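Listed below, chain by chain, are the residues.
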Amino acid sequence: MCYNFFVKMTKYFKIKYLVAALSAAIISVGALSSGSQAFADAGDVTEYPEIFTESVYDNIGQITDYAVSSASAAIADGNKVIIISNDEKFEYDFGYNVRAVDCTENDGEVIYYCRDAGGKTYSLPDKTETEHDFTVEDTVPTGKFTYYTYEGIIYSLELPTTATPLDGCSLLKEYNGRAYVVKDNKIHALNGTQTEVVNLNYTDFKSAGNIAVGDSLTRLRTFGSAQFVMLAAGAYKTEVDLNDFSGRYFKTGKTSAATEGETALLLCTTGNASLVINGSQCYITLTKNTEPVTREAETEPEFTSATVCVPYDFVYASPSLVDGAKIRRIEWGEQVKPLAKLSAEQSPELTCDFYKIEFKDDSGISRTGYIPCTFLTEHKTDDVVPDEITDPNHSEDDLTKTVMITVMVIALVLIALGYLVYVGTSGKNKKSQKSKDKQDKSS
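The text that follows walks through the structure, step by step, so that each part is easy to find. Please read these numbers as outputs of a predicted model, since none were measured by experiment. (Residues numbered from 1 in each chain as written. Predicted model: local features only at pLDDT ≥ 70, side-chain atom pairs only at ≥ 80, totals over all residues. Heavy atoms only, no water.)

## Description of the overall build of the chain
At step 1: Within the chain, the regular secondary structure consists of 3 helices and 33 strands.
At step 2: Across the 443 residues of the chain, 37% fall into the buried class.
At step 3: Once local pairs closer than 6 in sequence are excluded, the contacts in the chain between residues at least 24 apart make up 56%. (Helix = DSSP H or I, 4+ residues; strand = E, 2+ residues; numbered from the N terminus. Buried < 20%, exposed > 50% of the residue type's maximum accessible area, 1.4 Å probe, protein only. Contact = heavy atoms within 4.5 Å.)

## Some words on the environment of Pro348
At step 1: You can see Pro348 is positioned in the loop between strand 30 (335-342) and strand 31 (354-360).
At step 2: Taking the relative accessible area as the measure of exposure, Pro348 reaches 56% and is therefore exposed.
At step 3: Between the alpha carbons of Pro348 and Ala264 there is a distance of 8.9 Å; along the sequence they are 84 residues apart.

## Digging into the pairing of strand 10 (residues 139-142)
At step 1: Pairing of strand 10 with strand 11 (residues 145-150) involves 4 bridges; the strand directions are antiparallel. Bridged to Thr142 within strand 11 is Phe145.
At step 2: Linking two consecutive strands that pair antiparallel, namely strand 10 and strand 11, is a turn of 2 residues; a positive phi of about 75° is found at Gly143 within it. (Pairing = 2+ DSSP bridges.)

## Quick look at the pattern of salt bridges
At step 1: Taken as a whole, this structure holds 16 salt bridges when the rule is applied.
At step 2: Here Glu298 ties to Lys356 by a salt bridge, and the two come within 3.6 Å at their closest N and O atoms. Of this pair, Glu298 sits in strand 26 (residues 298-299) while Lys356 sits in strand 31, and the two are 58 residues apart along the sequence.
At step 3: The partner of Glu334 in a salt bridge is Arg328, and the shortest N-O contact between them spans 2.5 Å. (Salt bridge = Lys/Arg side-chain N within 4 Å of Asp/Glu carboxyl O.)

## Points about the packing of aromatic side chains
At step 1: The full count for this structure, using the stated rule, is 9 aromatic pairs.
At step 2: Ring geometry for Phe145 against Tyr147: centres 6.5 Å apart, planes inclined by 20°, an arrangement best described as stacked.
At step 3: When its relative accessible area of 15% is taken as the criterion, Phe145 is described as buried.
At step 4: Its relative accessible area of 1% is what places Tyr147 among the buried residues.
At step 5: When the ring of Phe303 is compared with that of Tyr355, the centres are 5.7 Å apart and the planes differ by 50°; the resulting orientation is tilted. With Phe303 in the loop between strand 26 and strand 27 (306-308) and Tyr355 in strand 31, the pair connects residues that are 52 residues apart, well separated along the chain. Both residues of the pair, Phe303 and Tyr355, belong to the buried class.
At step 6: Through successive ring pairs, a cluster of aromatic residues spans Tyr48, Phe52, Phe205 and Tyr236.
At step 7: Taking NZ or CZ as reference, Lys173 lies 5.2 Å from the ring centre of Tyr66, over its face.
At step 8: The ring of Phe228 carries Arg295 above its face, with NZ or CZ at 4.5 Å from the centroid. (Phe/Tyr/Trp six-rings, centres within 6.5 Å; stacked < 30°, edge-to-face > 60°. Lys NZ or Arg CZ within 6 Å of the ring centre and 35° of its normal.)

## Examining the pairing of strand 20 (residues 236-240)
At step 1: Looking at chain direction, strand 20 and strand 21 (residues 252-257) are connected through 4 bridges and run antiparallel. Within the sheet, the bridge partner assigned to Val240 lies in strand 21 and is Thr252.
At step 2: Note: strand 20 against strand 24 (residues 281-286), 3 bridges, orientation antiparallel. Paired with Lys237 across the strands is Thr285, a residue of strand 24.

## Let's talk about the nonpolar core
At step 1: Ile75, Val81, Ile187 and Leu200 are the most contacted members of the largest nonpolar core, which totals 32 residues.
At step 2: Sorting the residues of this core by element identifies strand 2 (63-68), strand 3 (72-77), strand 4 (80-85), strand 6 (98-106), strand 7 (109-116), strand 8 (121-124), strand 15 (178-183) and strand 16 (186-191) as the ones contributing at least two each.
At step 3: When neighbours within four sequence positions are excluded, Ile187 is seen to be in contact with Tyr57, Tyr66, Val68, Ala74, Ile75, Tyr180, Val181, Glu196, Val197, Val198 and Leu200.
At step 4: The next biggest cluster of nonpolar side chains, apart from the first, holds 30 residues, and it includes Ile211, Cys268, Ile277 and Cys282. (Core = buried A, V, L, I, M, F, W, Y, C linked by side-chain atoms within 4.5 Å.)

## Regarding the sheet that holds strand 19 (residues 227-231)
At step 1: Taken in spatial order, the 7 strands of this open sheet run 21-20-24-23-22-19-25, and their pairing is antiparallel. Strands at the two margins of the open sheet, each flanked by one partner only, are strand 21 and strand 25 (290-292). Adjacent strand axes in the sheet meet at a mean angle of 40°, parallel and antiparallel pairs treated alike. (Axes fitted to C-alpha atoms, helices over the stretch in contact; angles between N-to-C directions.)

## Overview of the sheet that holds strand 17 (residues 194-197)
At step 1: Strand order in the open sheet formed by 4 strands is 14-15-16-17, and the pairing between neighbours is antiparallel. Each edge of the open sheet is held by one strand with a lone partner, namely strand 14 (169-175) and strand 17. Strand-to-strand twist across the sheet, computed as the mean angle between neighbouring axes with direction ignored, equals 35°.
At step 2: Note that strand 16 and strand 17 share 4 bridges and pair antiparallel. Following the sheet pairing, Leu190 is matched in strand 17 by Thr195.

## Things to note about unusual backbone geometry
At step 1: The linkage connecting Leu124 with the following residue, Pro125, adopts the cis geometry, with an omega of 20°.
At step 2: Its location among the elements puts Pro125 in the loop between strand 8 and strand 9 (128-130).
At step 3: Not every positive phi belongs to a glycine, and Asp107 is a case in point at roughly 50°.
At step 4: With respect to the helices, strands and loops of the structure, Asp107 is situated in the loop between strand 6 and strand 7.
At step 5: Residue classification places Asp107 among the exposed residues on the basis of a relative accessible area of 87%.

## A closer look at the side chain of Ser123
At step 1: Relative to the helices and strands, Ser123 resides in strand 8.
At step 2: Residue Ser123 is classed as buried on the basis of its relative accessible area, which comes to 9%.
At step 3: Leaving out residues up to four positions away in the same chain, Ser123 has contacts with Ile111, Tyr112, Tyr113, Thr128 and Thr130.

## Re a nonpolar patch on the surface
At step 1: A surface patch of nonpolar side chains, amounting to about 420 Å² of accessible area, comprises Ile410, Leu414, Leu417 and Leu420.
At step 2: Relative to the helices and strands, Leu420 resides in helix 3 (residues 396-442).
At step 3: Residue Leu420 is classed as exposed on the basis of its relative accessible area of 58%. (Patch = residues over 30% accessible without salt bridge, like charges linked within 9 Å, V, L, I, M, F, W, Y side chains within 5 Å. Areas by Shrake-Rupley, 256 points an atom, 1.4 Å probe, with all protein chains shown as cover.)

Here's what the structure looks like:
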């Protein structure tokens, strides 16, 4: 009986301690969550840029000169030269206004030259001082048409005799057998009496640094079953930090194009974007550039009852380890129910093997989530502490003996108390009698 009482009390205090610890942990996690969502209610919508293409013409002053090669072009804009090559923009600043620009092309190698107002000539891209002849011919023959400048006006001459003035055109030049001019502050290629704009477009990922978080954190924590997607080849994706939601905008990294056949785990969708992960790297991309992958990713778990075997960790809303997908903290000894297993060997987008589990949320409602397989161990009945543990050597005779011994002990205690009371009382009476005798003698 004493043994059972001890076990029950031990179990009670263990449970009480565990509940208190879990409550404190949940409160602390809730506090962290509310802090990380400081900007989640700002009303922003997550919008991933549809395009990253910019035009040089949108952000320049007056073109003072230019040069065109087979695959690139350069313009002089104030005291700098801007070169567009392979969808990239390169700028070179000089101490004086740039007055002339030219280029040479041999076997695919292009060298640009510029001359500033100080009279110095430089080669680009190395920006080395050099020499170059910037002579420009007034007449450019190109087969059926010949272009020429007369009294500041550029004409298109259709052989043999028809000459047409090209209004608004200036800076006639020839590159690779074709005539070019500047019109409306843009480089144009000439085609008879018509002009065609030479597009100076480049890729600029600056806007990827201003993508609003919106409701992403809420969606990351409420997403359902694991879903894998394929990214469209060439579609842009931007690295994002899904462990930090302290600001209004995502913390972003490099933007790159998806490769052919590239897949990822879908974490959630928000606005026009999808948050995905491959390995440990998270990305944001346009949802329209993703397609679901048909795959039997889930298999039967090895057991259907499990115990947490790490001091503490978290249940995640997706088979990932990003802080944004954390649902609830769990601790050593907590029981959960494995529903399925996801293998990193079968789904290489995962960082490790995961169990899909059923657990109770803070409201006591059953939910599903994910946890790394190494964080769980099989829960066995032998490991359970029963409500009442009995002494294996216990018998009714032992109980009778225990009762008799208890009665005898109580009797002995009562006898001892009675004796002590008797002795104490007897001593007081003797002292009182002696004092009375002394008073009688003196009287």
